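# Summary of structural features
Here is how the chains run, residue by residue.
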Amino acid sequence: MAAAGFFSLSPPSVFSKPTFLLNPIRRLPSLSISASNSSSSPTEFKISFADSTTKTLVPSPPPPNHSASPIPLVIPWIVRDENGNFKLQFTPPAGFLQAMSDPKPSSTKNSREKKKKDPTSAPKHSKAARRFYNQNVKEPQRLSKVLAAAGVASRRSCEELIFEGKVTVNGSLCTSPQTRVDLSRDSIYVNGNRLSKRLPPKLYFALNKPKGYICSNGEEKKSVVSLFDDYWKNWNKTYHGLPKPRLFTVGRLDVATTGLIIVTNDGDFAQQVSHPSSKFTKEYIACIEGTVHRRHLISISEGTKVEGVHCVPDYVELLAAQLDAPRPRLRIVVHEGRNHEVRELIKNAGLELHSLKRVRIGGFRLPSNLG
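Since we're looking at a predicted model, the values are computed, not measured.

Here the focus is the overall build of the protein. Scanning the protein for helices and strands turns up 10 helices and 21 strands. For the protein, the proportion of its 371 residues judged to be buried stands at 27%. Once local pairs closer than 6 in sequence are excluded, the contacts in the protein between residues at least 24 apart make up 54%. Put simply, the protein shows about 27300 Å² of open surface, and 54% of that area lies on carbon and sulfur atoms.

What follows is the structure, given as structure tokens:
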């Protein structure tokens, strides 16, 4: 790929486009040239022009003869030969008249614009092209996915609603979650309530989870989603006419664990962040009861078994002591993120955990001023 901001131009052909001699040839006054050459000095030319007052007798043109054949029009052509030198000829170059008669092909820029203006053209098979095609060309999608995107419930819960016969499409009962529907054309009802034609926007929140709250998407009083109750009060003013989205957490934190957790309504984004194939590292700060020795750090770095899998942390460090933090603190970085992984690493090393806080996911760090 060429560097941004530079264009690569191909060299011109040996037989470039001929140059037209459109200006009439001027008649120069008569001149005389005399040359002298000697062995010791280079050739010298003496040029003298005739007197401009001298009148030249020009005979009168003969009367036109209409019976004679017309004199052909001769146009000089200056072209390049095979060696790249200029030469004069009185016939058009080979292929020039044919090239002039052929229609000009459309430029690359115009063809690109036509492709952009035609959203129904088949996309390329790359992942980015398929994502762009799905976002801009509204093809029919699965009914369960449309209900989940509209904020009705989770995709699994939407499938249960469909199986229970609580969803109708265009007046007909639908019991198959794989049914293809178009939200802009089809009329969909869930529990007798019509689904809005407009989908809620994609929202992304970084939350500093307090202690004692669970990562549940239900209606529990002390769930992470319940912390957004004040946010929903101004929803209709900010997003007038749009349905309220259904938020959920990306991954989970223990009830006693605090710190960074991401809340969103974008299922694809949540799957990308939480899936092990993304290899996003997670950083935790653990406060320990008692004294931390070198053997404890070695034991944690060697890893332990969690859910039958041997988990090894990416990084373990004993942080410097601070006045406002009398207990020793450990910085532990993991990439698998299994259930209770950090707690099991500390427990296996023979240490007692006082508090645990997550401060980073991938390249996003919890802001220090976020309460």
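That was the structure; now back to the text.
Judged by side-chain polarity, V74, L88 and F90 come together as a nonpolar surface patch covering roughly 320 Å² of accessible area. Judged by its relative accessible area of 53%, F90 falls in the exposed class.

Spatially, β8-β7-β10-β11 is the arrangement adopted by the 4 strands of the open sheet, whose pairing is antiparallel. The sheet is open, and its two borders are formed by β8 (172–173) and β11 (193–194), each paired with just one other strand. In this sheet, β8 lies alongside strand β7 (residues 167–169) in antiparallel orientation, the contact comprising 2 bridges. Within β8, the position partnered with V169 by the bridge is S172.

The next point concerns the side chain of D266. Examined against the element boundaries, D266 turns out to sit in the loop between β14 (258–264) and α8 (267–274). Buried within the structure, D266 lacks any salt-bridge partner; its nearest side chain of opposite charge belongs to K202, at an N-O separation of 4.2 Å. Reaching out from D266, the side chain makes a polar contact with the backbone nitrogen of F269 at a distance of 3.4 Å. Residues within four places of D266 in sequence aside, it is in contact with K202, Y204 and F248.

On to the side chain of S144, then. Positionally, S144 belongs in helix α4 (residues 143–149). Excluding its chain neighbours within four sequence positions, the residues that come into contact with S144 are R155, C158, E159, I162 and P177.

Residues W77 and V79 point to one face of strand β4 (residues 77–80) and are all buried, whereas I78 and R80, pointing to the other face, are not buried. As judged from the 4 bridges shared by β4 and strand β5 (residues 86–89), these two strands associate in the antiparallel manner. Looking across to β5, one finds that V79 is bridged to K87. Counted along the chain from β4 to the antiparallel partner β5, the turn is 5 residues long, and its residue G84 has a positive phi close to 85 degrees.

Per-residue confidence for the protein averages 77 on the pLDDT scale, and 71% of its residues sit at or above 70. Confidence drops under pLDDT 50 across residues 1–40; counting only partners more than four residues distant or on other chains, this segment forms 40 contacts.

So, about helix α10 (residues 341–348). Those residues of α10 that sit buried are E341, V342, L345 and I346. Taken end-on, α10 shows its buried residues confined to a sector of 135 degrees, consistent with a single buried face. Each element contacted by the buried residues of α10 is listed here: β15 (282–289), α9 (294–302), β16 (304–306), β17 (309–311), β19 (329–334) and β20 (352–361).

Evaluation of the coordinates by the stated rule reveals 7 aromatic pairs. Plain terms: the ring middles of Y231 and W232 are 5.3 Å apart, the flat faces sit at 70 degrees to each other, and that makes the pair edge-to-face. Residue Y231 is classed as partly exposed on the basis of its relative accessible area, which comes to 29%. The exposure class of W232 is buried, given its relative accessible area of 15%.

Conventions used here
- Residues numbered from 1 in each chain as written.
- Predicted model: local features only at pLDDT ≥ 70, side-chain atom pairs only at ≥ 80, totals over all residues.
- Heavy atoms only, no water.
- Helix = DSSP H or I, 4+ residues; strand = E, 2+ residues; numbered from the N terminus.
- Buried < 20%, exposed > 50% of the residue type's maximum accessible area, 1.4 Å probe, protein only.
- Contact = heavy atoms within 4.5 Å.
- Areas by Shrake-Rupley, 256 points an atom, 1.4 Å probe, with all protein chains shown as cover.
- Patch = residues over 30% accessible without salt bridge, like charges linked within 9 Å, V, L, I, M, F, W, Y side chains within 5 Å.
- Salt bridge = Lys/Arg side-chain N within 4 Å of Asp/Glu carboxyl O.
- Pairing = 2+ DSSP bridges.
- Lys, Arg positive; Asp, Glu negative; His and termini not counted.
- Polar contact = N/O pair within 3.5 Å; in protein donor to acceptor, adjacent residues only side chain to side chain.
- pLDDT = per-residue confidence, 0-100.
- Arc of directions from axis to C-beta.
- Phe/Tyr/Trp six-rings, centres within 6.5 Å; stacked < 30°, edge-to-face > 60°.

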